[in-house]
Amino acid sequence: MTPVCVLVGPPGAGKSTVGQALAALLEVPFADTDALIETTAGKPIPDIFVEDGEPAFRALERVAVADALAGFDGVLALGGGAIMDDGTRAALAAHRVVYLSVELSDAVKRVGLGAGRPMLSVNPRATLKYLMDQRRPLYESVATHTVATDGRTPQEIAELLAARLDT
Ligand SMILES: Nc1ncnc2c1ncn2[C@@H]1O[C@H](COP(=O)(O)OP(=O)(O)O)[C@@H](O)[C@H]1O
Ligand SMILES: O=C(O)C1=C[C@@H](OP(=O)(O)O)[C@@H](O)[C@H](O)C1
Ligand SMILES: [Mg+2]
């Protein structure tokens, strides 16, 4: 079993939204590792960060991603920070990985005040800029396909991707 494709990119790139639209278009299942982590932990991501800390979240994330890469055959969206893990990046080398890129201005509009995203709970714009600058080379290093999402609707991006993945 292997995912049809794995979506990576910063918070606000649209991984969760585009992933669902793409899965619907391709008529395959959709999974989001953030949702898988919440099920495993039995609580929402902000609660995991507050009660257990970011390292505990990253440990759950590492396992959720590895399990999904090995045992899921639909469209898989990762959380924005998953690619920070060396083992995850190595595992992604065997997969079709789509980097959804986004400029800071659109990403800021999309995440708003960062509700539900504990990494962005303080000064969302500055933190998002920092995270995007730090992670961009890592997204690029794992990507087999890249789609710029600025100025495109999730449905347009899903259609574009469905066509590209077909070739
Ligand atoms: N291409 C897009 N254009 C406009 N808004 C978008 C786009 N993609 C996602 N969004 C919106 O941005 C927010 C964040 O999207 P989400 O899918 O959660 O991103 P991610 O999972 O990459 O953090 C959501 O409110 C979503 O509806
Ligand atoms: O960037 C990050 O470190 C995170 C991004 C989130 O996912 P999205 O990228 O889907 O918002 C989620 O995994 C968690 O809040 C941590
Ligand atoms: Mg998401």
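What counts and what doesn't
- Residues numbered from 1 in each chain as written.
- Chains lettered and ligands numbered in written order.
- Predicted model: local features only at pLDDT ≥ 70, side-chain atom pairs only at ≥ 80, totals over all residues.
- Heavy atoms only, no water.
- UniProt positions renumbered as here; feature names shortened; annotations may be inferred.
- Helix = DSSP H or I, 4+ residues; strand = E, 2+ residues; numbered from the N terminus.
- Buried < 20%, exposed > 50% of the residue type's maximum accessible area, 1.4 Å probe, protein only.
- Contact = heavy atoms within 4.5 Å.
- Near = heavy atom within 4 Å.
- Polar contact = N/O pair within 3.5 Å; in protein donor to acceptor, adjacent residues only side chain to side chain.
- Areas by Shrake-Rupley, 256 points an atom, 1.4 Å probe, with all protein chains shown as cover.
- Nonpolar A, V, L, I, M, F, W, Y, C, P; charged D, E, K, R; others polar.
- Core = buried A, V, L, I, M, F, W, Y, C linked by side-chain atoms within 4.5 Å.
- Phe/Tyr/Trp six-rings, centres within 6.5 Å; stacked < 30°, edge-to-face > 60°.
- Pairing = 2+ DSSP bridges.
- Axes fitted to C-alpha atoms, helices over the stretch in contact; angles between N-to-C directions.

A few points about the UniProt feature "binding site: Mg(2+)" (unreviewed entry) in the protein chain
Argument step 1. Using the residue numbers shown here, the UniProt feature "binding site: Mg(2+)" (unreviewed entry) corresponds to Ser16.
Argument step 2. Along the chain, Ser16 turns up in helix H1 (residues 15-26).
Argument step 3. Judged by its relative accessible area of 31%, Ser16 is partly exposed.
Argument step 4. Beyond its immediate chain neighbours, meaning those up to four positions away, Ser16 contacts Phe30, Asp32 and Ala77.

Concerning the site of ligand 1
Argument step 1. Around ligand 1, the structure places 15 residues, and the nearest of them are Gly14, Lys15, Thr17, Arg117 and Arg152.
Argument step 2. Ala13 has a polar backbone atom sitting 3.4 Å from an oxygen atom of ligand 1.
Argument step 3. If ligand 1 stood free it would expose 560 Å²; the protein chains cover 70% of that surface.
Argument step 4. Among the elements that line the shell around ligand 1, the one with the most residues is H1, at three residues.
Argument step 5. Split into classes, the residues belonging to the shell around ligand 1 amount to five nonpolar, six polar and four charged.

Describing the nonpolar core
Note that soluble globular proteins tend to have their nonpolar side chains buried in a common cluster.
Argument step 1. One finds Cys5, Leu7, Leu22, Val98, Leu100, Leu128 and Leu161 to be the most contacted residues of the largest nonpolar core, which totals 24 residues.
Argument step 2. Of all the secondary-structure elements, those providing two or more residues to this core are strand S1 (5-8), H1, strand S4 (97-101), helix H6 (104-111), helix H7 (124-142) and helix H8 (154-166).
Argument step 3. Examining the composition of this core, we find that five residues originate from one element, H8, more than from any other.
Argument step 4. Not counting residues up to four positions away in its chain, the partners in contact with Val98 are Cys5, Val6, Leu7, Val8, His145, Val147, Leu161 and Leu165.

Some thoughts on the packing of aromatic side chains
Argument step 1. Applying the stated criterion to the full structure yields two aromatic pairs.
Argument step 2. Centroid distance Phe49 to Phe57: 4.9 Å. Interplanar angle 40 degrees. Geometry classified as tilted. Of the two residues, Phe49 and Phe57, both sit in the buried class.
Argument step 3. Taken together, a centroid distance of 5.3 Å and an interplanar angle of 25 degrees make the contact between Tyr99 and Tyr139 stacked. Remark: Tyr139 occurs in helix H7 and Tyr99 occurs in strand S4; sequence separation between them is 40 residues.
Argument step 4. Among the residues examined, Tyr99 registers a relative accessible area of 6% and is labelled buried.

Concerning the sheet that holds S4
Argument step 1. Taken together, the five strands give an open sheet; going across it, the order is S2-S3-S1-S4-S5, and neighbouring strands pair in parallel fashion. The open sheet has two free edges, formed respectively by strand S2 (30-32) and strand S5 (145-148), since each of these has just one partner strand. On average, each strand axis in the sheet is tilted by 20 degrees relative to the strand beside it, whichever way the strands run.
Argument step 2. As judged from the three bridges shared by S1 and strand S3 (residues 75-77), these two strands associate in the parallel manner. Note that in S3 the partner of Leu7 across the bridge is Ala77.
Argument step 3. Sitting on the sheet, H7 touches S1 and S4, and the angle it makes with S4 is about 145 degrees.
Argument step 4. Taken strand by strand, H8 contacts S1, S4 and S5, and its axis lies near 155 degrees from that of S5.

With respect to the UniProt feature "binding site: ATP" (unreviewed entry) in the protein chain
Argument step 1. Mapped onto this numbering, the UniProt entry gives "binding site: ATP" (unreviewed entry) at Gly12, Ala13, Gly14, Lys15, Ser16, Thr17, Arg117 and Arg152. What stands out for the annotated residues spanning 141 residues is how far apart their C-alpha atoms range, the widest pair being 22.9 Å apart.
Argument step 2. Relative to the helices and strands, Gly14 resides in the loop between S1 and H1.
Argument step 3. Contact partners of Gly14, with chain neighbours within four places excluded, come to Gly19, Leu100 and Arg110.
Argument step 4. Mapped onto the secondary structure, Arg152 falls in the loop between S5 and H8.
Argument step 5. The class of Arg152 is partly exposed, set by a relative accessible area of 34%.
Argument step 6. With near-sequence residues (within four places) excluded, Arg152 lies in contact with Val147, Ile157 and Leu160.

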